[in-house]
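Structural overview
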Amino acid sequence: MKNWRRSLIVSLVFLCATSTALTGCGSGDTKTTDAPKVVDKENGKDPAKGTEGEAFVLGSEPLEFTLYGNYDWYTMPKWGGDEGSKAIQDSKKVTINAINSGGSQKQKMNTMIASKELPDVIWGDRGADVERLRAAGMLVPLDDYLDKYPNLKKWAGDSTLNMLRSSDGKLYQIPNWYTSQPAGNAGYLLNKKIYEELGKPKLETTDDFYNYLKSVKAKYPNIIPFDPDLAKDGQGLDVLYGAFGENHPQSYLSERAVPNGDKLTSIFLDPVFRESTQFASKLFREKLMAQDAFTQTTDQLKEKANNGRFAVAAGSSPTEYGSKGDAELKKKDPTAGYEMIWPIHKEGLDKNKIYAGVYNQLGWNVSVITKSAKDPEKIFAFMDWLTGPEGSRAIMWGPEGVLWKGLDEEGYPKFTSTYSDDHERTSKMMDPMVNLQFDGNTAYIDKAKMKFESQLPAEKQNWETRYQSSITWKTVYNATEFVNLRPAPESEEGIIAQNVETIYLEARAKAVYAKSDEEVLSILDKADQDAKAVGYDKLLEYKTKKWQENLVKIGSK
């Protein structure tokens, strides 16, 4: 992850397994008589009730629960299988048992819903899909826990929590990597050795970029000039999209809609999308882009990074494999490694209005506690601890004594020389925990890192932190206005959205494979017609309404 490293741009779709699996599972306050009613078998009480009494003290007794990561790409690492989570497991007596999708997120969720055997916690995207589970009576409301366990309320704040509330006014979602400041890791990763051997040419505009990739291809036949990370919803091409328009965030792509005045309009007719797709297609057909870009896995991309097999990569969180790859390459050659560059831009555009990524105050995704959980309050107590200072230190930097020791006057960790000097040891501690950070606290983590890193010379700064402070946080767009625009999957607009999604993904892939710029435009024109034929205009009207409501909520209108 990137902690935030995963942008916000991966789709989560909860679907009914059968027509009777979720009777009345629409949006709003629809009632259902078919939702699973889980009770404590010993005393017959609803586990969502009964928060009276003393607060649960984490570590006073064992806590074990199941967690399902609702993504095709996600496989949860073994909890307790690394130094950091093992320390939490031992000190706090917490064990998390993974339920994985096996690469079939929709089918897995459908099966669990149909069997009424949900995991204790579901970790995935927020929005209409979570609302549908809420409306079906499957989720535990969290409001009664907020004052009893105060970290989430303190650090996320009422503004963020209120935007996460459901239509019944209650809170069900625990946000991950929520923030009040710019955050993110999106951008371009540059193979330092190759760049220097080619004379460190200017690499600022899209023309510079194209010419550089041609130079790489000519001199290094076994090196991939450009390797976009497409394993997660085409994020590498999303980064490239931002190069062709000022103030054009990737949110337009993820929502499949582009603002025009006070309305959201077709992505297929967006001039910036059309031009960026033509550029991507040109790179692909001239073999300047990885020919396996649409089929490779994240692990394969990481392997390429570790072995220096590409000249440039792009994605929503290239710092994930850039940091590790930098350390791996330096083992063989101290002058090798990776660096990040300021996002490229089309000639004539203002580079300071070009965005490689997005962030919003709600962060990335959320955790919800289902009514299958025997001890929902205890699970919340753990999640609240995890998002507080103590838990944040533990899940980010591991147990005290290796990368940090003691706290400063503001409650931030005092980092050891190992953290700044031994990059391999630091990576060994931190990297395995990336995909176990379920409710990250961006403000605390980033303040702690920056406070320490600002005191170090550049060569001793943590690789990721160095580029976050100098590039990635300066080139992200605040996209809070575009959250929660997606309709419930089973609604009329939701069905339209699913059809438009299929059209979009197929059209984008076909366009990249196109043989000419003209064919690219023809494919996108056809996609726009096909989308309108399945109700795209109605979907855009729905999203426009939600967008305008958000603008009012955040005070932009």
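For the structure, see preceding data.
1. Considering the side chain of Ser 251
- Relative to the helices and strands, Ser 251 resides in helix H8 (residues 251-254).
- Every residue in contact with Ser 251, bar those within four places of it in the chain, is listed here: Val 358, Ala 479 and Phe 482.

2. Re the sheet that holds strand S9 (residues 310-315)
- The strand order S6-S9-S5-S10 describes an open sheet built from 4 strands, whose pairing is mixed. Since the sheet does not close on itself, it has two edges, and those belong to strand S6 (224-228) and strand S10 (338-341), each with one partner. Strand-to-strand, the axes of this sheet are offset by a mean angle of 25 degrees, without reference to chain direction.
- Bridging between strand S5 (residues 187-191) and S10 involves 4 bridges; their strand directions are antiparallel. What sits directly across from Tyr 188, in S10, is Ile 341.
- The strands that helix H11 (residues 319-332) touches are S5, S9 and S10; relative to S10, the one it contacts most, it runs at about 145 degrees.
- Against the sheet, helix H17 (residues 463-470) contacts S5 and S10, and its axis sits at roughly 15 degrees relative to S10.

3. A look at the packing of aromatic side chains
- Within the structure shown, the criterion is met by 35 aromatic pairs.
- Ring geometry for Trp 79 against Phe 382: centres 6.2 Å apart, planes inclined by 90 degrees, an arrangement best described as edge-to-face. Placement of the pair is Trp 79 in the loop between strand S1 (63-69) and helix H1 (83-92) and Phe 382 in helix H12 (residues 376-387), with a sequence separation of 303 residues. One exposure class covers both Trp 79 and Phe 382, and it is buried.
- A ring pair is formed by Phe 415 and Tyr 419, whose centres lie 4.3 Å apart and whose planes are at 20 degrees; its orientation type is stacked. Comparing Phe 415 with Tyr 419 shows no difference in burial state: the two are buried.
- In textbook terms, an aromatic cluster arises when at least three aromatic residues are bridged by ring pairs, as seen for Tyr 71, Trp 73, Tyr 74, Trp 123, Trp 364 and Phe 438.
- Between Lys 282 and the ring centre of Tyr 210, over which it is positioned, the NZ or CZ distance is 4.1 Å.
- Lying across the ring of Trp 342, Lys 351 places its NZ or CZ 5.6 Å from the centre.

4. Some thoughts on the nonpolar core
- One finds Phe 209 and Leu 283 to be the most contacted residues of the largest nonpolar core, which totals 82 residues.
- Here this core gets 7 residues from one element, more than from any other, and that element is helix H18 (residues 492-512).
- Dropping the residues within four chain positions of it, Leu 283 is found in contact with Phe 209, Tyr 210, Leu 213, Phe 226, Leu 240, Leu 288 and Met 289.
- With 73 residues, the next largest nonpolar core counts Met 112, Tyr 149, Met 433 and Leu 456 among its residues.

Quick notes on the rules
Residues numbered from 1 in each chain as written. Predicted model: local features only at pLDDT ≥ 70, side-chain atom pairs only at ≥ 80, totals over all residues. Heavy atoms only, no water. Helix = DSSP H or I, 4+ residues; strand = E, 2+ residues; numbered from the N terminus. Contact = heavy atoms within 4.5 Å. Pairing = 2+ DSSP bridges. Axes fitted to C-alpha atoms, helices over the stretch in contact; angles between N-to-C directions. Phe/Tyr/Trp six-rings, centres within 6.5 Å; stacked < 30°, edge-to-face > 60°. Buried < 20%, exposed > 50% of the residue type's maximum accessible area, 1.4 Å probe, protein only. Lys NZ or Arg CZ within 6 Å of the ring centre and 35° of its normal. Core = buried A, V, L, I, M, F, W, Y, C linked by side-chain atoms within 4.5 Å.

This is a description of form; function is not addressed.
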